[in-house]
Amino acid sequence: GTGAGARDGDDAPVPELARLATLLRVNAGVELAGAVAVAANPSTVFPGIAGSGVECSRWYALALGSVALASFLASKLDVTNARAATATATPVVGGMLAYHVGIFAFQVNAVVAGAWTTATAGASLAHGCLAASFALAAAFCARER
(Lines give C-alpha, C1' and ligand atoms only; values in the text may rest on other atoms or scores of the structure.)
Protein backbone atom coordinates (compact mmCIF):
# COMPACT_ATOMS: atom_id res chain seq x y z
CA GLY A 1 0.00 0.00 0.00
CA THR A 2 0.95 3.63 -0.01
CA GLY A 3 1.28 3.71 3.77
CA ALA A 4 -0.43 7.07 3.63
CA GLY A 5 -1.11 8.61 6.99
CA ALA A 6 0.82 5.89 8.76
CA ARG A 7 3.20 8.35 10.37
CA ASP A 8 2.07 10.87 12.99
CA GLY A 9 1.93 14.37 11.60
CA ASP A 10 2.02 13.25 7.94
CA ASP A 11 -0.78 15.40 6.56
CA ALA A 12 0.40 15.56 2.95
CA PRO A 13 -2.31 14.57 0.45
CA VAL A 14 -1.61 11.27 -1.29
CA PRO A 15 -1.95 11.69 -5.08
CA GLU A 16 -3.79 8.36 -5.53
CA LEU A 17 -6.32 9.32 -2.87
CA ALA A 18 -6.82 12.75 -4.41
CA ARG A 19 -7.49 11.07 -7.77
CA LEU A 20 -9.94 8.68 -6.10
CA ALA A 21 -11.81 11.63 -4.57
CA THR A 22 -11.85 13.34 -7.99
CA LEU A 23 -13.23 10.19 -9.66
CA LEU A 24 -16.03 10.05 -7.10
CA ARG A 25 -16.86 13.75 -7.66
CA VAL A 26 -16.83 13.35 -11.45
CA ASN A 27 -19.09 10.32 -11.10
CA ALA A 28 -21.45 12.34 -8.91
CA GLY A 29 -21.65 15.00 -11.62
CA VAL A 30 -22.27 12.45 -14.38
CA GLU A 31 -25.02 10.73 -12.41
CA LEU A 32 -26.64 14.03 -11.43
CA ALA A 33 -26.64 15.09 -15.10
CA GLY A 34 -28.26 11.75 -15.97
CA ALA A 35 -30.90 12.25 -13.28
CA VAL A 36 -31.75 15.71 -14.61
CA ALA A 37 -31.83 14.47 -18.22
CA VAL A 38 -34.18 11.60 -17.36
CA ALA A 39 -36.44 13.79 -15.22
CA ALA A 40 -36.58 16.60 -17.77
CA ASN A 41 -37.08 14.50 -20.91
CA PRO A 42 -37.40 10.73 -20.39
CA SER A 43 -37.64 10.01 -24.12
CA THR A 44 -34.11 11.32 -24.65
CA VAL A 45 -32.73 8.53 -22.49
CA PHE A 46 -35.48 5.99 -23.17
CA PRO A 47 -36.67 6.43 -26.79
CA GLY A 48 -40.29 5.46 -27.28
CA ILE A 49 -41.20 5.69 -23.60
CA ALA A 50 -44.87 6.35 -22.91
CA GLY A 51 -47.57 5.88 -20.30
CA SER A 52 -46.48 4.18 -17.10
CA GLY A 53 -42.92 4.10 -18.41
CA VAL A 54 -42.71 7.83 -17.79
CA GLU A 55 -43.55 7.23 -14.12
CA CYS A 56 -40.84 4.55 -13.96
CA SER A 57 -38.37 7.02 -15.45
CA ARG A 58 -39.06 9.38 -12.55
CA TRP A 59 -38.09 6.63 -10.12
CA TYR A 60 -34.98 6.01 -12.20
CA ALA A 61 -34.12 9.71 -12.03
CA LEU A 62 -34.49 9.56 -8.25
CA ALA A 63 -32.22 6.50 -8.12
CA LEU A 64 -29.59 8.29 -10.24
CA GLY A 65 -29.78 11.28 -7.93
CA SER A 66 -29.22 8.97 -4.96
CA VAL A 67 -26.22 7.39 -6.70
CA ALA A 68 -24.86 10.88 -7.32
CA LEU A 69 -25.28 11.80 -3.67
CA ALA A 70 -23.59 8.60 -2.44
CA SER A 71 -20.66 9.20 -4.77
CA PHE A 72 -20.36 12.85 -3.73
CA LEU A 73 -20.44 11.99 -0.02
CA ALA A 74 -17.80 9.28 -0.50
CA SER A 75 -15.60 11.85 -2.31
CA LYS A 76 -15.17 13.63 1.02
CA LEU A 77 -12.64 10.94 2.01
CA ASP A 78 -9.48 11.77 3.94
CA VAL A 79 -6.84 12.16 1.21
CA THR A 80 -4.02 11.96 3.76
CA ASN A 81 -4.88 8.53 5.21
CA ALA A 82 -5.16 5.53 2.88
CA ARG A 83 -6.72 3.20 5.42
CA ALA A 84 -9.46 5.68 6.38
CA ALA A 85 -10.01 6.77 2.77
CA THR A 86 -10.43 3.26 1.43
CA ALA A 87 -12.74 2.36 4.30
CA THR A 88 -14.92 5.29 3.21
CA ALA A 89 -14.68 4.70 -0.52
CA THR A 90 -14.60 0.92 -0.99
CA PRO A 91 -18.36 0.23 -0.72
CA VAL A 92 -19.20 3.02 -3.15
CA VAL A 93 -16.35 2.11 -5.51
CA GLY A 94 -17.55 -1.51 -5.64
CA GLY A 95 -21.13 -0.46 -6.22
CA MET A 96 -20.16 1.99 -8.94
CA LEU A 97 -18.00 -0.62 -10.66
CA ALA A 98 -20.93 -3.06 -10.79
CA TYR A 99 -23.33 -0.29 -11.87
CA HIS A 100 -21.14 1.05 -14.69
CA VAL A 101 -20.26 -2.42 -15.99
CA GLY A 102 -23.98 -3.26 -16.03
CA ILE A 103 -25.03 -0.08 -17.82
CA PHE A 104 -22.18 -0.54 -20.33
CA ALA A 105 -23.37 -4.12 -20.96
CA PHE A 106 -26.91 -2.83 -21.61
CA GLN A 107 -25.51 -0.39 -24.17
CA VAL A 108 -23.48 -3.10 -25.91
CA ASN A 109 -26.62 -5.25 -26.02
CA ALA A 110 -28.53 -2.39 -27.65
CA VAL A 111 -25.83 -1.97 -30.29
CA VAL A 112 -25.78 -5.72 -31.01
CA ALA A 113 -29.59 -5.65 -31.33
CA GLY A 114 -29.30 -2.85 -33.91
CA ALA A 115 -30.74 -0.18 -31.61
CA TRP A 116 -27.75 2.17 -31.90
CA THR A 117 -28.48 5.83 -31.20
CA THR A 118 -26.39 8.86 -30.32
CA ALA A 119 -27.52 8.40 -26.71
CA THR A 120 -26.38 4.76 -26.81
CA ALA A 121 -22.97 5.79 -28.12
CA GLY A 122 -22.63 8.50 -25.45
CA ALA A 123 -23.73 6.16 -22.68
CA SER A 124 -21.34 3.46 -23.93
CA LEU A 125 -18.43 5.88 -23.88
CA ALA A 126 -19.27 7.39 -20.49
CA HIS A 127 -20.07 4.14 -18.71
CA GLY A 128 -17.23 2.22 -20.35
CA CYS A 129 -14.69 4.82 -19.21
CA LEU A 130 -16.21 4.99 -15.73
CA ALA A 131 -16.26 1.18 -15.47
CA ALA A 132 -12.55 1.07 -16.32
CA SER A 133 -11.82 3.89 -13.87
CA PHE A 134 -13.75 2.22 -11.07
CA ALA A 135 -12.02 -1.11 -11.81
CA LEU A 136 -8.68 0.63 -11.21
CA ALA A 137 -10.08 2.32 -8.11
CA ALA A 138 -11.35 -1.02 -6.78
CA ALA A 139 -7.92 -2.56 -7.28
CA PHE A 140 -6.34 0.38 -5.45
CA CYS A 141 -8.82 0.12 -2.57
CA ALA A 142 -8.24 -3.64 -2.29
CA ARG A 143 -4.49 -3.11 -2.18
CA GLU A 144 -4.76 -0.44 0.51
CA ARG A 145 -7.13 -2.32 2.83
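Note that the structure is a prediction, hence the values are computed from the model and not measured. (Residues numbered from 1 in each chain as written. Predicted model: local features only at pLDDT ≥ 70, side-chain atom pairs only at ≥ 80, totals over all residues. Heavy atoms only, no water.)

Where do I start with the overall build of the protein in this structure?
Check the secondary structure of the protein and you find five helices and zero strands. Traced from its N-terminal end to its C-terminal end, the protein shows the element sequence α-α-α-α-α. Counting every position in the protein, which comprises 145 residues, the buried fraction comes to 34%. When the accessible area of the protein is evaluated, it comes to approximately 7900 Å², of which 67% is carbon and sulfur surface. Separation between the mean location of the 8 positive side-chain charges and that of the 8 negative ones in the protein comes to 3 Å. (Helix = DSSP H or I, 4+ residues; strand = E, 2+ residues; numbered from the N terminus. Buried < 20%, exposed > 50% of the residue type's maximum accessible area, 1.4 Å probe, protein only. Areas by Shrake-Rupley, 256 points an atom, 1.4 Å probe, with all protein chains shown as cover. Lys, Arg positive; Asp, Glu negative; His and termini not counted. Charge placed at Lys NZ, Arg CZ, Asp CG, Glu CD.)

Teacher, can you tell me more about the layout of surface pockets here?
Where empty space is left can be seen by rolling a probe of water-molecule size over the atoms. Its volume calculated, the largest pocket comes out at about 590 Å³. What lines the largest pocket is a set of 25 residues, among which Val 45, Gln 107, Ala 119, Ala 123 and His 127 lie closest to the centre. Taken together, the elements giving at least two residues each to the lining of the largest pocket come down to helix 1 (15-40), helix 2 (42-45), helix 3 (52-74), helix 4 (82-112) and helix 5 (118-144). Of the residues in the lining of the largest pocket, the class split is 17 nonpolar, seven polar and one charged. (1 Å grid on protein atoms, 1.4 Å probe; cavity = no way out; pocket = protein on both sides within 12 Å on 5 of 7 lines; lining within 4 Å. Points joined across faces, edges and corners; volume = space filled by probe spheres on them. Nonpolar A, V, L, I, M, F, W, Y, C, P; charged D, E, K, R; others polar.)

Can you help me understand the packing of helix 3 against helix 4 in this one?
To characterise two packed helices, one gives the angle between the axes of the helices and the distance between these axes. Here helix 3 crosses helix 4 at 140°, and the two axes come no closer than 9 Å. The handedness of the crossing between helix 3 and helix 4 comes out as left-handed. Across the interface between the two elements, Tyr 60, Leu 64, Val 67, Ala 70, Ser 71 and Ala 74 from helix 3 touch Thr 88, Val 92, Met 96, Tyr 99 and Ile 103 from helix 4. Of the residues that constitute the contact of helix 3 with helix 4, the class distribution is nine nonpolar, two polar and no charged. (Axes fitted to C-alpha atoms, helices over the stretch in contact; angles between N-to-C directions. Left-handed = near helix turned anticlockwise from the far one by under 90°. Contact = heavy atoms within 4.5 Å.)

I would appreciate a short explanation of the packing of aromatic side chains in the present structure.
For any two aromatic rings, the description comes down to two numbers: the centre-to-centre distance and the angle of the planes. Per the stated rule, a full pass over the model turns up one aromatic pair. Ring geometry for Phe 46 and Tyr 60: centres 5.5 Å apart, planes at 70°, overall edge-to-face. Of the two residues, Phe 46 sits in the loop between helix 2 and helix 3 while Tyr 60 sits in helix 3, which places them 14 residues apart along the sequence. Given the relative accessible area of 31%, Phe 46 is considered partly exposed. You can call Tyr 60 partly exposed: its relative accessible area is 27%. (Phe/Tyr/Trp six-rings, centres within 6.5 Å; stacked < 30°, edge-to-face > 60°.)

Just checking my understanding: could you explain helix 3 for this structure?
Residue pairs three or four apart in sequence face the same way in an α-helix, which turns once every 3.6 residues. The end-to-end C-alpha separation of helix 3 is 34 Å, in line with the 33 Å expected for 23 residues at 1.5 Å each. Here helix 3 has its buried residues at Gly 53, Ser 57, Ala 61, Leu 64, Val 67, Ala 68, Ser 71 and Ala 74. Buried-residue contacts for helix 3 involve helix 1, helix 2 and helix 4. (Expected span 1.5 Å × (residues − 1).)

Looking at this model, I keep getting lost on the pattern of salt bridges. Mind explaining?
Opposite charge on two side chains lets them pair, provided their charged atoms get close. Considering all chains together, one arrives at two salt bridges under this definition. Between Arg 58 and Glu 55 there is a salt bridge, and its shortest N-O distance comes to 3.1 Å. Taken together, the residues Arg 58 and Glu 55, both in helix 3 and three residues apart, mark about one turn of the helix. The class for Glu 55 is partly exposed, based on a relative accessible area of 39%. (Salt bridge = Lys/Arg side-chain N within 4 Å of Asp/Glu carboxyl O.)

Whenever I open this one, the nonpolar core confuses me. Can you help?
Among the nonpolar cores identified, the biggest contains 20 residues, and Leu 17, Leu 20, Leu 24, Leu 77, Ala 89, Val 93 and Phe 134 are the most heavily contacted of them. Taken together, the elements giving at least two residues each to this core come down to helix 1, helix 3, helix 4 and helix 5. The biggest single contributor to this core is helix 4, with six residues. (Core = buried A, V, L, I, M, F, W, Y, C linked by side-chain atoms within 4.5 Å.)

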